Amino acid sequence: MTLSPGTTLLATLDQYINGQWVSGEADPIDTRSVIDPNRVLASGNAASVKQVDQAFQAAVAAKKSWAALPMAARGAILLKAAAYLKKHAQDFGEQLCTEEGKTRSEGIGEVLRAAQVLSYYAAEAERAAGSVFHSPRAGEQILVTHKPLGVIGVITPFNFPIAIPAWKIAPALIFGNTVVFKPASAVPLLAMRLVQALAHAGLPAGVLNLVLGGGALGDTFMEHEHLDAVSFTGSTRVGRRLCAAGAARGIPVQAEMGGKNASVVLADADLELASEQVLLGAFSSSGQKCTATSRLILDDTIADEFLAKLATRLDTWVTGDPHDPSVNMGPLVDVRSAASVRNGIDQAIGQGATVFYAGAAPTGGSFIAPTILLLPAGAAGRQNTAWRDEFFAPVLSVVRVRGTAEAFEAAEDSEFGLSLALFTRDLSTVVAAQQELTVGILHVNSESSGADPHLPFGGAKASGYGPKEQGAAAREFYTQSTTVYLRG
Ligand code: UN1
(Lines give C-alpha, C1' and ligand atoms only; values in the text may rest on other atoms or scores of the structure.)
Protein backbone atom coordinates (compact mmCIF):
# COMPACT_ATOMS: atom_id res chain seq x y z
CA MET A 1 0.00 0.00 0.00
CA THR A 2 1.34 3.46 -0.87
CA LEU A 3 1.50 5.97 1.92
CA SER A 4 0.26 9.53 1.55
CA PRO A 5 3.23 11.72 0.74
CA GLY A 6 4.63 14.18 3.20
CA THR A 7 3.11 12.67 6.32
CA THR A 8 5.09 12.11 9.47
CA LEU A 9 4.19 9.58 12.11
CA LEU A 10 2.61 10.99 15.24
CA ALA A 11 4.12 8.32 17.47
CA THR A 12 5.64 4.86 17.61
CA LEU A 13 3.17 2.33 18.92
CA ASP A 14 4.85 0.92 22.00
CA GLN A 15 3.94 -1.02 25.09
CA TYR A 16 4.22 0.55 28.52
CA ILE A 17 5.51 -2.08 30.91
CA ASN A 18 6.95 -1.51 34.37
CA GLY A 19 7.33 2.21 33.78
CA GLN A 20 9.13 1.88 30.42
CA TRP A 21 7.99 2.35 26.83
CA VAL A 22 9.15 -0.78 25.03
CA SER A 23 8.78 -2.11 21.49
CA GLY A 24 6.34 -4.92 20.95
CA GLU A 25 7.76 -8.35 20.15
CA ALA A 26 4.86 -9.69 18.10
CA ASP A 27 3.41 -8.79 14.68
CA PRO A 28 3.65 -5.30 13.16
CA ILE A 29 0.66 -3.06 13.86
CA ASP A 30 -0.33 0.40 12.76
CA THR A 31 -3.16 2.88 13.13
CA ARG A 32 -4.46 4.88 10.17
CA SER A 33 -6.62 7.85 9.39
CA VAL A 34 -10.28 6.88 9.02
CA ILE A 35 -10.57 9.35 6.15
CA ASP A 36 -7.41 8.36 4.31
CA PRO A 37 -6.44 4.77 5.08
CA ASN A 38 -3.16 5.34 3.21
CA ARG A 39 -2.14 7.71 5.97
CA VAL A 40 -0.41 5.82 8.78
CA LEU A 41 -0.67 7.79 12.03
CA ALA A 42 1.54 5.55 14.11
CA SER A 43 3.13 2.14 13.76
CA GLY A 44 5.00 -0.44 15.82
CA ASN A 45 4.55 -4.01 16.96
CA ALA A 46 1.95 -5.78 19.05
CA ALA A 47 2.77 -7.17 22.48
CA SER A 48 3.84 -10.80 22.67
CA VAL A 49 2.31 -13.22 25.16
CA LYS A 50 5.59 -12.97 27.06
CA GLN A 51 5.18 -9.18 27.27
CA VAL A 52 1.64 -9.57 28.57
CA ASP A 53 3.12 -11.75 31.28
CA GLN A 54 5.77 -9.10 32.02
CA ALA A 55 2.98 -6.52 32.32
CA PHE A 56 1.17 -8.68 34.87
CA GLN A 57 4.40 -9.37 36.80
CA ALA A 58 5.05 -5.60 36.94
CA ALA A 59 1.48 -4.97 38.12
CA VAL A 60 1.84 -7.59 40.85
CA ALA A 61 5.18 -6.22 41.99
CA ALA A 62 3.76 -2.69 42.23
CA LYS A 63 0.51 -3.47 43.98
CA LYS A 64 1.59 -3.44 47.61
CA SER A 65 3.36 -0.09 47.59
CA TRP A 66 0.68 1.51 45.43
CA ALA A 67 -2.08 0.36 47.78
CA ALA A 68 -0.06 1.64 50.74
CA LEU A 69 0.21 5.15 49.29
CA PRO A 70 -2.36 7.49 50.89
CA MET A 71 -5.35 7.92 48.63
CA ALA A 72 -4.72 11.66 48.51
CA ALA A 73 -1.26 10.99 47.02
CA ARG A 74 -2.76 8.70 44.41
CA GLY A 75 -5.35 11.39 43.71
CA ALA A 76 -2.66 14.03 43.22
CA ILE A 77 -1.23 11.94 40.36
CA LEU A 78 -4.65 11.61 38.71
CA LEU A 79 -5.13 15.36 39.02
CA LYS A 80 -1.80 16.04 37.36
CA ALA A 81 -2.71 13.65 34.53
CA ALA A 82 -6.03 15.50 34.14
CA ALA A 83 -4.17 18.80 33.77
CA TYR A 84 -1.90 17.24 31.13
CA LEU A 85 -4.90 16.05 29.13
CA LYS A 86 -6.52 19.49 29.38
CA LYS A 87 -3.33 21.10 28.14
CA HIS A 88 -3.16 18.76 25.14
CA ALA A 89 -6.91 18.54 24.51
CA GLN A 90 -6.74 20.24 21.10
CA ASP A 91 -3.98 18.01 19.76
CA PHE A 92 -5.20 14.77 21.25
CA GLY A 93 -8.80 15.60 20.27
CA GLU A 94 -7.68 16.15 16.69
CA GLN A 95 -5.80 12.83 16.75
CA LEU A 96 -8.88 11.12 18.16
CA CYS A 97 -10.93 12.54 15.29
CA THR A 98 -8.40 11.23 12.75
CA GLU A 99 -8.00 7.82 14.35
CA GLU A 100 -11.62 7.06 15.30
CA GLY A 101 -13.74 9.30 13.06
CA LYS A 102 -15.90 11.33 15.43
CA THR A 103 -15.90 15.05 14.73
CA ARG A 104 -13.03 17.20 15.88
CA SER A 105 -15.16 18.98 18.48
CA GLU A 106 -16.46 15.63 19.78
CA GLY A 107 -12.84 14.44 19.92
CA ILE A 108 -11.70 17.43 21.95
CA GLY A 109 -14.78 17.06 24.13
CA GLU A 110 -13.90 13.45 24.78
CA VAL A 111 -10.33 14.26 25.85
CA LEU A 112 -11.73 16.86 28.25
CA ARG A 113 -14.21 14.31 29.51
CA ALA A 114 -11.34 11.91 30.26
CA ALA A 115 -9.71 14.75 32.22
CA GLN A 116 -12.97 15.32 34.10
CA VAL A 117 -13.18 11.63 35.02
CA LEU A 118 -9.60 11.70 36.36
CA SER A 119 -10.39 14.83 38.41
CA TYR A 120 -13.58 13.27 39.78
CA TYR A 121 -11.74 10.19 41.07
CA ALA A 122 -8.81 12.29 42.30
CA ALA A 123 -11.25 13.69 44.87
CA GLU A 124 -12.15 10.24 46.19
CA ALA A 125 -9.87 10.84 49.16
CA GLU A 126 -12.33 13.55 50.23
CA ARG A 127 -15.30 11.16 50.23
CA ALA A 128 -16.42 8.46 52.63
CA ALA A 129 -14.06 5.51 52.87
CA GLY A 130 -16.66 3.00 54.00
CA SER A 131 -19.60 2.82 56.41
CA VAL A 132 -20.38 2.30 60.07
CA PHE A 133 -23.44 0.42 61.33
CA HIS A 134 -25.18 0.13 64.67
CA SER A 135 -24.72 -3.18 66.37
CA PRO A 136 -27.53 -5.07 68.16
CA ARG A 137 -24.92 -5.91 70.82
CA ALA A 138 -23.66 -3.55 73.49
CA GLY A 139 -20.12 -2.25 73.18
CA GLU A 140 -19.80 -3.07 69.50
CA GLN A 141 -19.64 -1.11 66.25
CA ILE A 142 -19.75 -2.63 62.81
CA LEU A 143 -17.60 -1.20 60.04
CA VAL A 144 -17.56 -1.94 56.35
CA THR A 145 -14.15 -1.18 54.94
CA HIS A 146 -12.83 -1.39 51.37
CA LYS A 147 -9.55 -2.78 50.08
CA PRO A 148 -8.17 -2.96 46.54
CA LEU A 149 -8.78 -6.12 44.53
CA GLY A 150 -5.24 -6.33 43.15
CA VAL A 151 -4.45 -6.44 39.43
CA ILE A 152 -7.27 -5.30 37.15
CA GLY A 153 -7.44 -6.18 33.46
CA VAL A 154 -8.97 -3.30 31.52
CA ILE A 155 -10.26 -4.09 28.01
CA THR A 156 -11.82 -1.21 26.08
CA PRO A 157 -13.62 -0.57 22.76
CA PHE A 158 -12.79 1.75 19.86
CA ASN A 159 -15.70 4.18 20.17
CA PHE A 160 -14.57 6.23 23.19
CA PRO A 161 -10.83 5.65 22.87
CA ILE A 162 -9.83 7.82 25.82
CA ALA A 163 -12.99 8.41 27.91
CA ILE A 164 -13.85 4.76 28.51
CA PRO A 165 -10.27 3.79 29.43
CA ALA A 166 -10.24 6.78 31.81
CA TRP A 167 -13.45 5.77 33.53
CA LYS A 168 -12.09 2.29 34.21
CA ILE A 169 -8.44 3.11 34.93
CA ALA A 170 -9.11 6.15 37.18
CA PRO A 171 -11.28 4.27 39.72
CA ALA A 172 -9.05 1.18 39.51
CA LEU A 173 -6.04 3.29 40.45
CA ILE A 174 -7.60 5.54 43.05
CA PHE A 175 -8.92 2.54 44.98
CA GLY A 176 -5.38 1.16 45.08
CA ASN A 177 -5.35 -1.41 42.30
CA THR A 178 -2.77 -1.83 39.58
CA VAL A 179 -3.76 -2.26 35.94
CA VAL A 180 -2.94 -4.09 32.73
CA PHE A 181 -4.72 -2.24 29.93
CA LYS A 182 -5.54 -3.53 26.45
CA PRO A 183 -7.33 -1.03 24.21
CA ALA A 184 -9.18 -1.86 20.99
CA SER A 185 -6.69 -2.48 18.21
CA ALA A 186 -8.27 0.30 16.08
CA VAL A 187 -7.33 3.08 18.54
CA PRO A 188 -3.90 2.45 20.10
CA LEU A 189 -2.78 6.07 19.68
CA LEU A 190 -5.37 7.56 22.02
CA ALA A 191 -4.78 4.76 24.52
CA MET A 192 -1.10 5.74 24.52
CA ARG A 193 -2.08 9.38 25.12
CA LEU A 194 -3.90 8.46 28.33
CA VAL A 195 -1.01 6.33 29.57
CA GLN A 196 1.40 9.11 28.60
CA ALA A 197 -0.61 11.55 30.75
CA LEU A 198 -0.45 9.27 33.78
CA ALA A 199 3.22 8.47 33.24
CA HIS A 200 3.96 12.19 32.96
CA ALA A 201 2.07 12.74 36.20
CA GLY A 202 4.50 10.48 38.04
CA LEU A 203 2.67 7.17 38.31
CA PRO A 204 5.13 4.69 39.84
CA ALA A 205 6.50 1.92 37.60
CA GLY A 206 4.24 -1.11 37.18
CA VAL A 207 1.04 0.56 38.43
CA LEU A 208 -0.37 0.94 34.91
CA ASN A 209 0.79 -1.24 32.03
CA LEU A 210 -0.33 -0.97 28.43
CA VAL A 211 -0.26 -3.84 25.95
CA LEU A 212 -1.30 -3.37 22.33
CA GLY A 213 -2.70 -6.01 20.01
CA GLY A 214 -5.76 -7.86 18.78
CA GLY A 215 -8.63 -9.45 20.67
CA ALA A 216 -6.65 -12.63 21.36
CA LEU A 217 -4.56 -10.69 23.90
CA GLY A 218 -7.75 -10.26 25.94
CA ASP A 219 -8.06 -14.04 26.12
CA THR A 220 -4.44 -14.18 27.32
CA PHE A 221 -5.52 -11.89 30.18
CA MET A 222 -8.26 -14.29 31.21
CA GLU A 223 -5.73 -17.08 31.57
CA HIS A 224 -3.21 -15.10 33.58
CA GLU A 225 -2.76 -16.37 37.14
CA HIS A 226 -2.31 -12.84 38.51
CA LEU A 227 -5.50 -11.38 37.06
CA ASP A 228 -7.79 -10.41 39.96
CA ALA A 229 -10.69 -8.76 38.06
CA VAL A 230 -11.64 -7.55 34.59
CA SER A 231 -13.52 -4.48 33.43
CA PHE A 232 -14.65 -4.74 29.82
CA THR A 233 -16.69 -2.58 27.44
CA GLY A 234 -17.60 -3.96 24.04
CA SER A 235 -19.89 -6.41 22.31
CA THR A 236 -22.28 -8.70 24.16
CA ARG A 237 -20.72 -11.69 22.40
CA VAL A 238 -17.20 -11.00 23.70
CA GLY A 239 -18.44 -9.71 27.06
CA ARG A 240 -20.40 -12.88 27.78
CA ARG A 241 -17.34 -14.96 26.94
CA LEU A 242 -15.19 -12.96 29.36
CA CYS A 243 -17.89 -13.20 32.06
CA ALA A 244 -17.99 -16.99 31.66
CA ALA A 245 -14.18 -17.21 31.81
CA GLY A 246 -14.14 -14.99 34.90
CA ALA A 247 -16.85 -17.00 36.63
CA ALA A 248 -15.00 -20.24 35.87
CA ARG A 249 -11.97 -19.02 37.77
CA GLY A 250 -13.92 -17.09 40.38
CA ILE A 251 -12.90 -13.51 39.65
CA PRO A 252 -15.25 -10.55 39.24
CA VAL A 253 -16.00 -9.28 35.75
CA GLN A 254 -17.73 -6.02 34.94
CA ALA A 255 -19.02 -5.98 31.38
CA GLU A 256 -20.67 -3.09 29.60
CA MET A 257 -22.08 -4.55 26.44
CA GLY A 258 -24.48 -3.86 23.60
CA GLY A 259 -27.46 -1.55 23.39
CA LYS A 260 -30.47 -1.15 21.16
CA ASN A 261 -31.81 1.95 22.81
CA ALA A 262 -35.24 3.33 22.18
CA SER A 263 -36.52 6.86 22.07
CA VAL A 264 -40.24 6.99 22.81
CA VAL A 265 -42.15 10.04 21.61
CA LEU A 266 -45.66 10.18 23.05
CA ALA A 267 -48.68 12.14 21.86
CA ASP A 268 -48.17 15.00 24.35
CA ALA A 269 -44.43 15.47 23.70
CA ASP A 270 -42.77 18.75 22.73
CA LEU A 271 -42.01 17.67 19.17
CA GLU A 272 -39.48 20.43 18.49
CA LEU A 273 -37.40 19.39 21.49
CA ALA A 274 -37.90 15.68 20.86
CA SER A 275 -36.82 15.89 17.22
CA GLU A 276 -33.68 17.79 18.20
CA GLN A 277 -32.79 15.27 20.91
CA VAL A 278 -33.59 12.19 18.81
CA LEU A 279 -31.38 13.58 16.06
CA LEU A 280 -28.46 13.93 18.49
CA GLY A 281 -29.12 10.56 20.13
CA ALA A 282 -29.25 8.67 16.85
CA PHE A 283 -26.66 10.39 14.71
CA SER A 284 -23.95 11.99 16.89
CA SER A 285 -20.64 10.15 16.64
CA SER A 286 -22.16 8.29 13.65
CA GLY A 287 -24.36 6.31 16.04
CA GLN A 288 -21.27 4.51 17.38
CA LYS A 289 -22.22 4.73 21.05
CA CYS A 290 -23.66 1.92 23.11
CA THR A 291 -26.13 4.55 24.36
CA ALA A 292 -27.15 5.77 20.88
CA THR A 293 -30.83 5.77 19.89
CA SER A 294 -31.44 3.10 17.27
CA ARG A 295 -35.14 2.38 17.85
CA LEU A 296 -37.77 5.10 17.61
CA ILE A 297 -41.25 4.48 18.94
CA LEU A 298 -43.77 7.07 17.83
CA ASP A 299 -47.34 7.56 18.90
CA ASP A 300 -49.44 7.28 15.74
CA THR A 301 -51.11 10.64 16.34
CA ILE A 302 -47.84 12.61 16.09
CA ALA A 303 -45.75 10.23 13.95
CA ASP A 304 -46.07 12.06 10.62
CA GLU A 305 -45.45 15.48 12.12
CA PHE A 306 -42.50 14.21 14.14
CA LEU A 307 -40.87 12.45 11.18
CA ALA A 308 -41.28 15.58 9.05
CA LYS A 309 -39.50 17.63 11.73
CA LEU A 310 -36.72 15.06 12.05
CA ALA A 311 -36.25 14.97 8.27
CA THR A 312 -36.05 18.78 8.14
CA ARG A 313 -33.32 18.72 10.77
CA LEU A 314 -31.47 15.94 8.97
CA ASP A 315 -31.50 17.98 5.76
CA THR A 316 -28.94 20.29 7.35
CA TRP A 317 -26.96 17.50 9.06
CA VAL A 318 -23.70 17.20 7.13
CA THR A 319 -21.79 13.92 6.82
CA GLY A 320 -18.18 14.20 5.72
CA ASP A 321 -14.60 14.73 6.85
CA PRO A 322 -14.84 14.96 10.66
CA HIS A 323 -12.01 17.52 10.76
CA ASP A 324 -14.17 20.01 8.87
CA PRO A 325 -15.95 22.24 11.44
CA SER A 326 -19.10 22.39 9.30
CA VAL A 327 -19.48 18.58 9.43
CA ASN A 328 -21.87 17.00 11.95
CA MET A 329 -20.95 13.38 11.44
CA GLY A 330 -17.87 11.49 10.21
CA PRO A 331 -17.49 7.97 8.84
CA LEU A 332 -17.68 4.67 10.70
CA VAL A 333 -14.47 3.40 12.25
CA ASP A 334 -13.56 1.13 9.32
CA VAL A 335 -14.76 -0.20 5.97
CA ARG A 336 -15.56 -3.62 7.39
CA SER A 337 -18.06 -2.12 9.85
CA ALA A 338 -19.57 -0.01 7.06
CA ALA A 339 -19.96 -3.08 4.80
CA SER A 340 -21.66 -4.99 7.59
CA VAL A 341 -24.07 -2.07 8.23
CA ARG A 342 -24.93 -1.82 4.51
CA ASN A 343 -25.62 -5.51 4.55
CA GLY A 344 -27.81 -5.10 7.66
CA ILE A 345 -29.84 -2.34 5.98
CA ASP A 346 -30.37 -4.52 2.87
CA GLN A 347 -31.44 -7.42 5.06
CA ALA A 348 -33.89 -5.18 6.95
CA ILE A 349 -35.40 -3.98 3.66
CA GLY A 350 -35.66 -7.60 2.51
CA GLN A 351 -37.64 -8.27 5.70
CA GLY A 352 -40.16 -5.50 4.99
CA ALA A 353 -38.52 -2.25 6.19
CA THR A 354 -38.93 0.80 3.96
CA VAL A 355 -36.47 3.67 3.72
CA PHE A 356 -38.03 6.90 5.01
CA TYR A 357 -34.83 8.95 4.91
CA ALA A 358 -31.48 8.31 3.24
CA GLY A 359 -29.15 11.26 3.77
CA ALA A 360 -26.21 12.33 1.70
CA ALA A 361 -22.71 11.06 2.46
CA PRO A 362 -19.43 10.90 0.59
CA THR A 363 -19.30 7.70 -1.42
CA GLY A 364 -16.86 4.93 -0.63
CA GLY A 365 -14.70 4.53 2.44
CA SER A 366 -16.51 3.82 5.64
CA PHE A 367 -19.20 6.50 5.31
CA ILE A 368 -22.79 5.53 6.09
CA ALA A 369 -25.41 8.20 5.40
CA PRO A 370 -27.95 8.92 8.14
CA THR A 371 -30.75 6.46 7.48
CA ILE A 372 -34.28 6.13 8.85
CA LEU A 373 -36.13 2.87 8.28
CA LEU A 374 -39.87 2.44 8.81
CA LEU A 375 -40.91 -0.95 10.15
CA PRO A 376 -44.40 -2.41 9.91
CA ALA A 377 -46.54 -1.78 13.01
CA GLY A 378 -47.03 -4.59 15.50
CA ALA A 379 -45.06 -7.74 16.12
CA ALA A 380 -44.07 -8.16 12.45
CA GLY A 381 -41.96 -4.99 12.48
CA ARG A 382 -40.34 -6.00 15.71
CA GLN A 383 -39.03 -9.23 14.24
CA ASN A 384 -36.98 -7.18 11.79
CA THR A 385 -33.19 -7.34 12.03
CA ALA A 386 -33.12 -3.55 12.24
CA TRP A 387 -35.21 -3.71 15.43
CA ARG A 388 -33.32 -6.54 17.09
CA ASP A 389 -29.63 -6.22 16.16
CA GLU A 390 -27.22 -3.51 17.25
CA PHE A 391 -25.88 -1.89 14.05
CA PHE A 392 -23.62 0.64 15.84
CA ALA A 393 -24.26 3.09 13.01
CA PRO A 394 -26.42 6.10 12.10
CA VAL A 395 -29.47 3.95 11.37
CA LEU A 396 -32.77 4.59 13.12
CA SER A 397 -35.66 2.09 12.94
CA VAL A 398 -39.15 3.42 13.53
CA VAL A 399 -42.36 1.74 14.67
CA ARG A 400 -45.71 3.41 15.23
CA VAL A 401 -47.82 2.58 18.28
CA ARG A 402 -51.17 3.59 19.74
CA GLY A 403 -50.85 4.98 23.24
CA THR A 404 -48.42 4.71 26.11
CA ALA A 405 -49.02 1.06 27.02
CA GLU A 406 -48.19 -0.09 23.52
CA ALA A 407 -45.18 2.24 23.41
CA PHE A 408 -43.77 0.74 26.63
CA GLU A 409 -44.45 -2.77 25.37
CA ALA A 410 -42.48 -2.01 22.18
CA ALA A 411 -39.66 -0.42 24.18
CA GLU A 412 -39.36 -3.53 26.35
CA ASP A 413 -39.26 -5.78 23.29
CA SER A 414 -35.47 -6.02 23.11
CA GLU A 415 -32.84 -8.28 24.60
CA PHE A 416 -30.93 -5.13 25.60
CA GLY A 417 -31.66 -2.64 28.38
CA LEU A 418 -29.07 0.12 28.51
CA SER A 419 -30.67 3.50 27.96
CA LEU A 420 -34.06 4.92 26.98
CA ALA A 421 -35.21 8.43 26.13
CA LEU A 422 -38.84 9.25 26.88
CA PHE A 423 -40.53 12.37 25.49
CA THR A 424 -43.68 13.42 27.30
CA ARG A 425 -45.03 16.27 29.43
CA ASP A 426 -47.01 14.00 31.69
CA LEU A 427 -45.54 13.32 35.12
CA SER A 428 -47.52 10.15 35.75
CA THR A 429 -46.21 8.68 32.50
CA VAL A 430 -42.67 9.43 33.64
CA VAL A 431 -43.31 7.73 36.98
CA ALA A 432 -44.77 4.70 35.18
CA ALA A 433 -41.75 4.55 32.86
CA GLN A 434 -39.38 4.55 35.79
CA GLN A 435 -41.34 1.66 37.33
CA GLU A 436 -41.99 -0.43 34.24
CA LEU A 437 -39.06 -0.09 31.85
CA THR A 438 -36.05 -2.36 32.25
CA VAL A 439 -33.18 0.01 31.52
CA GLY A 440 -30.08 1.13 33.38
CA ILE A 441 -30.48 4.76 32.29
CA LEU A 442 -33.72 6.65 31.69
CA HIS A 443 -33.65 10.06 30.05
CA VAL A 444 -36.79 12.16 30.27
CA ASN A 445 -36.95 14.75 27.48
CA SER A 446 -33.27 14.40 26.59
CA GLU A 447 -31.27 12.21 24.21
CA SER A 448 -30.44 8.61 25.11
CA SER A 449 -26.65 9.18 25.25
CA GLY A 450 -24.52 10.86 27.87
CA ALA A 451 -23.00 9.78 31.16
CA ASP A 452 -21.81 12.12 33.89
CA PRO A 453 -18.76 10.85 35.79
CA HIS A 454 -20.38 11.11 39.24
CA LEU A 455 -23.35 8.88 38.39
CA PRO A 456 -23.71 5.12 38.01
CA PHE A 457 -23.56 3.95 34.42
CA GLY A 458 -24.60 0.56 33.11
CA GLY A 459 -27.42 -1.44 31.64
CA ALA A 460 -29.96 -4.16 32.34
CA LYS A 461 -30.55 -7.44 30.49
CA ALA A 462 -27.94 -8.24 27.82
CA SER A 463 -26.44 -4.74 28.11
CA GLY A 464 -24.60 -5.15 31.37
CA TYR A 465 -23.11 -7.62 33.80
CA GLY A 466 -21.67 -6.97 37.22
CA PRO A 467 -21.58 -3.75 39.25
CA LYS A 468 -22.15 -0.47 37.45
CA GLU A 469 -19.38 1.87 36.38
CA GLN A 470 -18.59 5.43 37.43
CA GLY A 471 -19.64 7.54 40.39
CA ALA A 472 -19.87 5.94 43.81
CA ALA A 473 -20.91 2.69 42.09
CA ALA A 474 -17.34 2.16 40.87
CA ARG A 475 -16.20 1.31 44.39
CA GLU A 476 -18.45 -1.74 44.36
CA PHE A 477 -16.44 -3.22 41.58
CA TYR A 478 -12.91 -2.00 42.24
CA THR A 479 -12.73 -2.97 45.92
CA GLN A 480 -13.49 -5.86 48.17
CA SER A 481 -15.29 -5.05 51.36
CA THR A 482 -14.61 -6.39 54.81
CA THR A 483 -17.33 -6.30 57.46
CA VAL A 484 -15.61 -5.66 60.77
CA TYR A 485 -17.43 -6.50 64.04
CA LEU A 486 -15.49 -4.21 66.31
CA ARG A 487 -15.40 -4.34 70.09
CA GLY A 488 -12.93 -2.42 72.12
C1 UN1 B 1 -22.12 8.29 26.37
O2 UN1 B 1 -23.28 7.99 26.16
O3 UN1 B 1 -21.71 9.45 26.27
O4 UN1 B 1 -19.50 2.31 24.77
C5 UN1 B 1 -21.14 7.28 26.82
C6 UN1 B 1 -20.30 3.21 24.97
C7 UN1 B 1 -20.70 3.55 26.39
C8 UN1 B 1 -20.40 4.95 26.74
C9 UN1 B 1 -21.46 5.90 26.34
N10 UN1 B 1 -20.02 2.66 27.31
O11 UN1 B 1 -20.77 3.83 24.03
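What counts, and at which threshold
- Residues numbered from 1 in each chain as written.
- Predicted model: local features only at pLDDT ≥ 70, side-chain atom pairs only at ≥ 80, totals over all residues.
- Heavy atoms only, no water.
- Buried < 20%, exposed > 50% of the residue type's maximum accessible area, 1.4 Å probe, protein only.
- Helix = DSSP H or I, 4+ residues; strand = E, 2+ residues; numbered from the N terminus.
- Arc of directions from axis to C-beta.
- Domains from an automatic or database assignment.
- Contact = heavy atoms within 4.5 Å.
- Buried area = accessible area lost by both parts, 1.4 Å probe.
- Salt bridge = Lys/Arg side-chain N within 4 Å of Asp/Glu carboxyl O.
- Polar contact = N/O pair within 3.5 Å; in protein donor to acceptor, adjacent residues only side chain to side chain.
- Nonpolar A, V, L, I, M, F, W, Y, C, P; charged D, E, K, R; others polar.
- Axes fitted to C-alpha atoms, helices over the stretch in contact; angles between N-to-C directions.
- Parallel < 35°, antiparallel > 145°, perpendicular 65-115°, else oblique.
- Near = heavy atom within 4 Å.
- Areas by Shrake-Rupley, 256 points an atom, 1.4 Å probe, with all protein chains shown as cover.
- Pairing = 2+ DSSP bridges.
- Right-handed = clockwise from strand over helix to strand, strands pointing away.

Turning to helix α14 (residues 403–412), a few remarks are in order. Residues of α14 that are buried include every one of A407, F408, A410 and A411, and no others. What you see down the axis of α14 is that its buried residues fit within an arc of 160°, all on one side.

As far as domains go, the chain holds domain 1 (11–257 + 463–487) and domain 2 (261–452). The gap between the C-alpha centroids of domain 1 and domain 2 is 31 Å. Each partner contributes to the interface: domain 1 provides 22 residues, whereas domain 2 provides 25 residues. Carbon and sulfur atoms supply 57% of the area that domain 1 and domain 2 bury against each other, a total of about 1,900 Å² over both sides. Three residues stand out in domain 1 for area buried against domain 2, namely I35, F158 and S463, and they jointly supply 26% of the buried area on that side. The interface formed by domain 1 and domain 2 contains zero salt bridges. The tally of links between domain 1 and domain 2 comes to seven residue pairs in polar contact (both at pLDDT 80 or more). Listed by contribution, the elements that provide at least two residues to the side of domain 1 that touches domain 2 are α3 (89–100) and α4 (104–122). Among the elements that take part in the side of domain 1 that touches domain 2, α3 stands out by supplying four residues, more than any other. Each residue belonging to the side of domain 1 that touches domain 2 can be placed in one class, and the counts come to seven nonpolar, seven polar and eight charged.

At a closest axis distance of 9 Å, the pairing of helix α2 (residues 71–87) and helix α5 (residues 163–174) adopts a crossing angle of 155°. Between α2 and α5, the angle falls in the class roughly antiparallel. Judged by residue contacts, M71, R74, G75 and L78 of α2 engage A170, L173 and I174 from α5.

All residues adjacent to the ligand are R113, N159, F160, I164, W167, T233, K289, C290, T291, S449, G450 and F457. Contact distances for the ligand include 2.9 Å between an oxygen atom and a side-chain N or O atom of N159. At 2.5 Å, a side-chain N or O of T291 approaches an oxygen atom of the ligand. About the coverage of the ligand: the protein hides 98% of its 320 Å² of free accessible area. Taken together, the residues that form the shell around the ligand break down as five nonpolar, five polar and two charged. Two domains share the shell around the ligand, each providing at least three of its residues, namely domain 1 (11–257 + 463–487) and domain 2 (261–452).

Counting buried positions along strand β13 (residues 261–265) yields five of five residues, so the element is predominantly enclosed. Note: β13 against strand β14 (residues 293–299), five bridges, orientation parallel. Its bridge partner lying in β14, A262 is registered against R295. In this fold, β13 hands off to helix α9 (residues 271–283), which returns the chain to β14; that crossover is right-handed. Where β13 lies against strand β19 (residues 419–423), four bridges are found, and the strand directions are parallel. Counted as the bridge partner of V264 is L422 from β19.

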